[in-house]
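Letter by letter, the chains look like this.
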Amino acid sequence: MLRAPGYLRALVFSALLGIPVSLVAFGFLAGLHELEHLLWADLPEALGRHSPPWWWPLPLLLIAGLVVGLVATHLRGAGGHIPASGLHGGGTAPATLPGVLIAAVASLPLGAVLGPEAPLIALGGGLALLFRDLARAPATPQSTALLSAAGAAAAIAAIFGNPLIAAVLLIEVAGVGGPQLIAVMLPALLSSGVGALVFTGFGRWTGLETGSLALPLPEPPARLDVGDVVWSVLMAVCIGVLLHAVIAGGRLAAAFVAARTLSRTVLCAVAAGGCAALYAVITDRSPVEVASSGQATLATMASDPHAWGVGALLAVVVLKAAAYALCLGSLRGGPVFPALFLGAAAGLLLSPLPGFGVVPAVAAGLAAAAATALRLPVSSIVLVVLLLGSTETIPVVILSAVVAFVTTELLPVGRSTPTPAKTGPSSPAAGADRTTEA
């Protein structure tokens, strides 16, 4: 296969494709960031406020719901797949890209509790197929799958800042390796995680060394204790149950919206804004901590975890989870970053438990939340390890991801996410515009 002329041409085309797709993805993300900063920082400051007032999310999410509802009912592709159905691979028809971009720009900067990864995957895959059509290359099923995955990977690498996680994520999202891939990987992941704990603990107990490929760091790494492992496993079960319920709520919201798309999209969006407003009222903190993806707030939380009291952490977990479920079923975006935020907040909330360190708690929470929301354990582990930039927490990251994933798989699936009733005035959406079970 590697020596086939068609495959070699596809490799060259994919390499060239990465340049324009990455530039477009960079511009898309930069535009979203600038617009979000304008709406949530510059405008409140222009009104003489240091932070957005409590009511600020309500009009913004009203506009978001109205625009997304109009896109879903009038444009081909319905603005992309419903986030409650999980991530999908590339293959987005180029004709649906305008709706995807409009829905994403209307949702993400205006406070939707969603991330940009799903629109990026659609954008990268759609642009890849568009460039193939412009080049008049053969449109075979194999080339469609290969190029759309390559374009999606080039785009998704922009948000995660690492090509490795993009490749691993697309392997699992696209189902490369067949449905048995996860079944084969779970025992290997679990065994390696337990083995790392035993190996590390035995070496510490005996004082013997076997050599290591790890580079010396200027700061001493955090050591895992028995309490870290036990609490991480128990917390992973709890996070798995919590986020499974949140995603099930997102599917219920999607079914609710499907009956009367425009009016009920607006209703769900405003209700999500109400969650952010209620949080600001009861905690006297910024409503943006509940609204939006949580990517920026997650960085702030990680850098200064002691700035969050127990009441604020409990409120942000409950109200952001509720807003997340509403946005999963009504607006457009991806499920990754709000789930990561909820996992980190839950870990920070439970870190005062006896023998539970802050760093292992946050690491385990991130891994459990990512595995539950994505249903992609390998990608979740790689993502969290790259986010943390430390190898010391890898054992609890693996255990938490596997435990949360298995917990989620054992729970009832619930109803499937409905396809939007109307995808365009003249023709149905292409295959990638349909939503399926994650």
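Right above here is the structure, for reference.
Quick caveat: nothing in here was measured; it's all calculated off a predicted structure.

Draft legend 1. Quick peek at the packing of aromatic side chains. Enumeration over the complete set of coordinates arrives at two aromatic pairs. Relative to Trp56, the ring of Trp55 has its centre 5.5 Å away and its plane inclined at 50°; by these criteria the two rings are tilted. By relative accessible area, Trp56 is classed as buried at 8%. Here the aromatic rings of Trp308 and Phe341 are separated by 6.5 Å at their centres, their planes lie at 65°, and the arrangement is edge-to-face. Remark: Phe341 occurs in helix 12 (residues 336-350) and Trp308 occurs in the loop between helix 10 (295-303) and helix 11 (310-330); sequence separation between them is 33 residues. What makes Trp308 buried here is its relative accessible area of 7%. The exposure class assigned to Phe341 is buried, which follows from its relative accessible area of 0%.

Draft legend 2. Just the packing of helix 13 (residues 358-374) against helix 14 (residues 377-388), in detail. It is the contact of helix 13 with helix 14, at a shortest axis distance of 9 Å, that shows an interaxial angle of 145°. The element helix 13 and its partner helix 14 pack so that their crossing is right-handed. On helix 14, the residues touching Ala363, Leu366, Ala367, Ala370, Ala371 and Leu374 of helix 13 are Ser380, Val384 and Leu388. For the contact of helix 13 with helix 14, a count of residues per class yields eight nonpolar, one polar and no charged.

Draft legend 3. Just unusual backbone geometry, in detail. In the Ramachandran plot, Ala78 falls in the positive-phi region, its phi being about 60° despite a non-glycine side chain. Along the chain, Ala78 turns up in the loop between helix 2 (57-74) and helix 3 (97-107). The backbone of Arg375 sits at a positive phi, close to 60°, despite the residue not being glycine. Tracing the chain through its elements places Arg375 in the loop between helix 13 and helix 14.

Draft legend 4. Region of interest: the packing of helix 3 against helix 4 (residues 117-134). Look at helix 3 against helix 4: their axes get within 10 Å of each other, and the N-to-C directions meet at 155°. Considered as vectors, helix 3 and helix 4 are oriented roughly antiparallel to each other. Considering the relative orientation of helix 3 and helix 4, their crossing is left-handed. Listed contacts from helix 4 to Leu97, Val100, Leu101 and Ala104 of helix 3 are Pro119, Ala122, Leu123, Gly126 and Leu127. Considering only residue class, the contact of helix 3 with helix 4 consists of eight nonpolar, one polar and no charged.

How each quantity is defined
- Residues numbered from 1 in each chain as written.
- Predicted model: local features only at pLDDT ≥ 70, side-chain atom pairs only at ≥ 80, totals over all residues.
- Heavy atoms only, no water.
- Phe/Tyr/Trp six-rings, centres within 6.5 Å; stacked < 30°, edge-to-face > 60°.
- Buried < 20%, exposed > 50% of the residue type's maximum accessible area, 1.4 Å probe, protein only.
- Helix = DSSP H or I, 4+ residues; strand = E, 2+ residues; numbered from the N terminus.
- Axes fitted to C-alpha atoms, helices over the stretch in contact; angles between N-to-C directions.
- Left-handed = near helix turned anticlockwise from the far one by under 90°.
- Contact = heavy atoms within 4.5 Å.
- Nonpolar A, V, L, I, M, F, W, Y, C, P; charged D, E, K, R; others polar.
- Parallel < 35°, antiparallel > 145°, perpendicular 65-115°, else oblique.

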